[in-house]
Amino acid sequence: MLRAVLGDYGDLDDVGITMGTRFHDDLDLESIDLVTLGGHLQARYGESVNFAEYLAGLGLEEIIVLTVGQLVEHIAGCLRAPGER
């Protein structure tokens, strides 16, 4: 999904993406890129993973330092069965 969002202006092969990789500082994603990523997440996971709602619950400073790991944790939490949350 990150390859689709970064398109031609991002070379993920040169960037080691880890759980600590930051969307803004490390991958240079802008807010519109996060919207696009949210669309990809919704297409793959449906309404159970609402990235826009997740971002709306964060402050600007938190969004700026958002990491791949935080997103992975959010997705995993959304996909857990209700009794496992």
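Before going into details, it helps to say that this report is about the structure given with it. What you see as residue numbers is a count from 1 along each chain, following the sequence as written. Side-chain atom pairs in this predicted model are given and counted only at pLDDT of 80 or more, local residue features only at pLDDT of at least 70, and totals for whole chains, interfaces and linings cover all residues. Excluded from the side-chain calculation are hydrogens and water; included are all heavy atoms of the structure.

**Some details on helix H5 (residues 68-79)**
Keep this limit in mind: Labels follow the DSSP assignment, with helices taken as runs of H or I lasting at least four residues and strands as runs of E lasting at least two, numbered in each case from the N terminus. One fewer than the residue count of a helix, multiplied by 1.5 Å, yields its expected span. Remark: exposure states derive from per-residue accessible area (1.4 Å probe, protein chains only) relative to the maximum for the residue type, with buried under 20%, exposed over 50%, and partly exposed in between. Two residues form a contact once any of their heavy atoms are found within 4.5 Å.
For H5, which comprises 12 residues, the first-to-last C-alpha distance of 17 Å matches the rise-based estimate of 16 Å (1.5 Å per residue) to within 8%. When H5 is considered as a whole, its buried residues turn out to be Val68, Gly69, Leu71, His74, Ile75, Gly77 and Cys78. Taken together, the buried residues of H5 touch helix H2 (31-45) and helix H3 (51-56).

**Observations regarding the pattern of salt bridges**
Note the following rule: When a carboxyl oxygen of Asp or Glu lies within 4 Å of a side-chain nitrogen of Lys or Arg, that pair is called a salt bridge.
Using the criterion set out here, one finds 2 salt bridges in the structure. Residue Arg22 is joined to Asp25 by a salt bridge in which the shortest nitrogen-to-oxygen separation is 3.5 Å. Each of Arg22, Asp25 and Asp26 takes part in one network of salt bridges that share partners.

**Notes on the layout of surface pockets**
As a reminder of what qualifies: With a 1 Å grid laid over protein atoms only, a set of points is called a cavity when a 1.4 Å probe fits there but cannot get out and a pocket when it is open yet has protein on both sides within 12 Å along at least five of seven lines; lining residues have an atom within 4 Å of a point. Grid points are joined across faces, edges and corners, and a volume is the space filled by probe spheres set on the points. Residues are grouped as follows: Ala, Val, Leu, Ile, Met, Phe, Trp, Tyr, Cys and Pro are nonpolar; Asp, Glu, Lys and Arg are charged; all remaining types, including Gly, are polar.
Approximately 160 Å³ is the volume found for the largest pocket. Taken together, Met1, Leu2, Phe23, Leu37, Leu41, Tyr45, Val68, Leu71, Val72 and Ile75 form the lining of the largest pocket. Elements with a minimum of two residues in the lining of the largest pocket: H2 and H5. Of the residues forming the lining of the largest pocket, the biggest block, 4 residues, is contributed by H5. In terms of residue class, the lining of the largest pocket is made up of 10 nonpolar, no polar and no charged.

**Overview of unusual backbone geometry**
Positive phi values are uncommon outside glycine, yet Asp28 reaches one of about 60°. Checked against the element boundaries, Asp28 lands in the loop between helix H1 (2-6) and H2.

**Some remarks on H2**
Quick reminder: α-helices carry 3.6 residues per turn. Residues three or four places apart thus point the same way. The following threshold applies: As used here, the arc belongs to the directions running from the helix axis to the C-beta atoms.
For H2, built from 15 residues, the straight-helix expectation of 21 Å at 1.5 Å per residue is met to within 8% by its first-to-last C-alpha distance of 21 Å. When H2 is considered as a whole, its buried residues turn out to be Asp33, Leu34, Leu37, Gly38 and Leu41. Projected down its long axis, H2 carries its buried residues within an arc of 145°, all on one side. For H2, the exposed residues set more than 90 degrees away from the buried face come down to Ile32, Val35 and Ala43. Gly46, located one to two residues past H2, shows a positive phi value of around 75°.

**A few points about the packing of aromatic side chains**
Worth spelling out the cut-off: Ring pairs are drawn from Phe, Tyr and Trp, using the six-membered ring of Trp, whenever the two centres fall within 6.5 Å, and their geometry is named by plane angle: stacked under 30 degrees, edge-to-face over 60, tilted for the rest.
Inspection of the entire model under this criterion finds 1 aromatic pair. With centroids separated by 6.3 Å and ring planes inclined at 25°, the aromatic side chains of Phe51 and Tyr54 adopt a geometry described as stacked. Here the residue Phe51 and the residue Tyr54 both occupy positions in helix H3, the gap between them amounting to 3 residues, near one helical turn. Comparing Phe51 with Tyr54 shows no difference in burial state: the two are buried.

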